[in-house]
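Close look at the chain arrangement
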Amino acid sequence: MGNRLTQIATRTGDNGTTGLGNNQRVSKNSLRVHAMGEVDELNSNIGVLLCEDMAADVRDVLVEVQHQLFNLGGELSIPGFELLKEEAVAALDTALAKYNAQLPKLEEFILPAGTRGASQAHVCRTVARRAERACVALGNEEALNDTPRQYLNRLSDLMFVLARVLNRMNGGDDVYWKSARMSQGSGAE
């Protein structure tokens, strides 16, 4: 990995470029920098979510996710490098299975609402989807491992499930979409 920061205000980015972990300088508007920024924003939003009250096992999952997102950011910052392992995707699959088993089947669309924790989990879900799209765009232009894209895809699913879990804390429930068309039955338009 590149050098760790010893000083924050370096002024080296004043010209619109930033340094990657391999000491290469690229435009701050490059696809790689966009992907790195989306992952950073996602990690920050998970940090906000962790300020909420939640079960210890959910907290543990989210803290591990933050570490894996840091690995993902590091991988994105060094072209051709691999930091995020397939085991990280498998861990999300395990968490998805565990928390999905605790939830009733969905019979209607739900709104990104409810408790503040659940709502923040939905924000994380949408930022994860944006980060995934940024990685797909980067992968269309440059070589990129499959694991980052898979991890973000799975993580957005997990954040949806965790939003449902967090809405059920203290006896709550999902906030269901009130579809005018569906409330009128299944008649044709």
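Position labels on residues start from 1 in each chain and follow its written sequence. Since the coordinates come from a predicted model, pLDDT governs what is reported: local features require at least 70, and pairs of side-chain atoms require 80 or more to be given and counted, while whole-chain, interface and lining totals use all residues. In computing side-chain values, all of the structure's heavy atoms are included and hydrogens and water are not.

1. Section: the layout of surface pockets
Grid points spaced at 1 Å and placed over the protein atoms alone form the basis of the search, with a cavity being a set where a 1.4 Å probe fits but cannot get out and a pocket an open set showing protein on both sides within 12 Å along at least five of seven lines. Lining residues have an atom within 4 Å of a point. Grid points are joined across faces, edges and corners, and a volume is the space filled by probe spheres set on the points. Approximately 170 Å³ is the volume found for the second largest pocket. Forming the boundary of the second largest pocket are 13 residues, of which Val-61, Glu-64, Ala-91, Leu-92 and Ala-95 lie nearest the centre. For the lining of the second largest pocket, the secondary structure elements donating two or more residues are helix H2 (56-77) and helix H3 (86-101). By residue number, the principal contributor to the lining of the second largest pocket is H3, which donates eight residues. Under the convention adopted here, Pro, Cys and the residues Ala, Val, Leu, Ile, Met, Phe, Trp and Tyr are nonpolar, Asp, Glu, Lys and Arg are charged, and Gly plus all remaining residues are polar. Along the lines of polarity and charge, the residues of the lining of the second largest pocket split into eight nonpolar, two polar and three charged. Helix and strand definitions follow DSSP, with helices as H or I runs of at least four residues and strands as E runs of at least two, each counted in order from the N terminus.

2. Points about unusual backbone geometry
With a phi angle near 70°, Asn-23 is a residue other than glycine that sits in the positive phi range. Structurally, Asn-23 is set in the loop between strand S1 (17-19) and strand S2 (25-27).

3. Let's talk about a nonpolar patch on the surface
On the surface, Phe-109, Leu-111 and Trp-177 cluster together into a nonpolar patch covering about 320 Å² of accessible area. Structurally, the position occupied by Leu-111 is in the loop between H3 and helix H4 (116-141). Patch membership requires more than 30% relative accessible area and the absence of a salt bridge. Residues of like charge join within 9 Å; the nonpolar side chains Val, Leu, Ile, Met, Phe, Trp and Tyr join within 5 Å. Surface exposure here means Shrake-Rupley accessible area, sampled with a 1.4 Å probe, where a residue is shielded only by the protein chains that are shown. Take a side-chain nitrogen of Lys or Arg and a carboxyl oxygen of Asp or Glu: if they are within 4 Å of each other, that pair is a salt bridge.

4. Things to note about H2
Multiplying 1.5 Å by the residue count of a helix minus one yields the expected span of that helix. With 22 residues, H2 should cover 32 Å at 1.5 Å per step; its first-to-last C-alpha distance of 32 Å lies within 8% of that length. To sort residues, take the accessible area from a 1.4 Å probe on protein chains only and compare it with the maximum for the residue type: under 20% means buried, over 50% means exposed, and anything in between is partly exposed. Every buried residue belonging to H2 is among Val-58, Val-61, Leu-62, Val-65, Gln-68, Leu-69, Leu-72, Gly-73, Gly-74, Glu-75, Leu-76 and Ser-77, and all of these are buried. Any two residues having at least one pair of non-hydrogen atoms within 4.5 Å are treated as being in contact. Tucked inside the fold, the buried residues of H2 contact helix H1 (31-49), H3, H4 and helix H5 (146-168).

5. With respect to the nonpolar core
For our purposes a nonpolar core is just a set of buried Ala, Val, Leu, Ile, Met, Phe, Trp, Tyr and Cys residues, chained together by side-chain atoms within 4.5 Å. Core analysis: the biggest nonpolar cluster contains 41 residues, and Leu-69 and Leu-155 have the highest contact counts within it. For this core, the secondary-structure elements that each account for two or more residues are H1, H2, H3, H4 and H5. In terms of residue count, H5 provides more of this core than any other element does, 10 residues in total. Residues within four places of Leu-69 in sequence aside, it is in contact with Val-39, Leu-42, Asn-43, Ile-46, Tyr-151, Leu-152 and Leu-155.

6. Considerations on H5
Between its terminal C-alpha atoms H5 stretches 34 Å, which fits the 33 Å expected from 23 residues at 1.5 Å a residue. Where H5 ends, the next residue or the one after it, Asn-170, has phi of about 60°, a positive value.

7. A few points about the packing of H3 against H5
Where H3 meets H5, the closest approach of the two axes is 9 Å, and the angle between their N-to-C directions is 20°. Our classification of the angle between H3 and H5 gives roughly parallel. Two packed elements cross with a definite hand, and for H3 against H5 that hand is left-handed. Contacts from Glu-86, Ala-88, Val-89, Leu-92, Asp-93, Ala-95, Leu-96, Tyr-99 and Asn-100 of H3 reach H5 at Thr-147, Gln-150, Tyr-151, Arg-154, Leu-155, Asp-157, Leu-158, Val-161, Leu-162 and Val-165. Considering only residue class, the contact of H3 with H5 consists of 12 nonpolar, three polar and four charged. Helix axes use the C-alpha atoms of the stretch in contact, all axes being lines fitted to C-alpha atoms, and the angles between their N-to-C directions lie in the range 0 to 180 degrees. Here the angle decides the label: under 35 degrees means roughly parallel, over 145 means roughly antiparallel, 65 to 115 means roughly perpendicular, and every other value means oblique. Less than a right angle of anticlockwise turn of the near helix away from the far helix marks a crossing as left-handed, whereas a clockwise turn marks it as right-handed.

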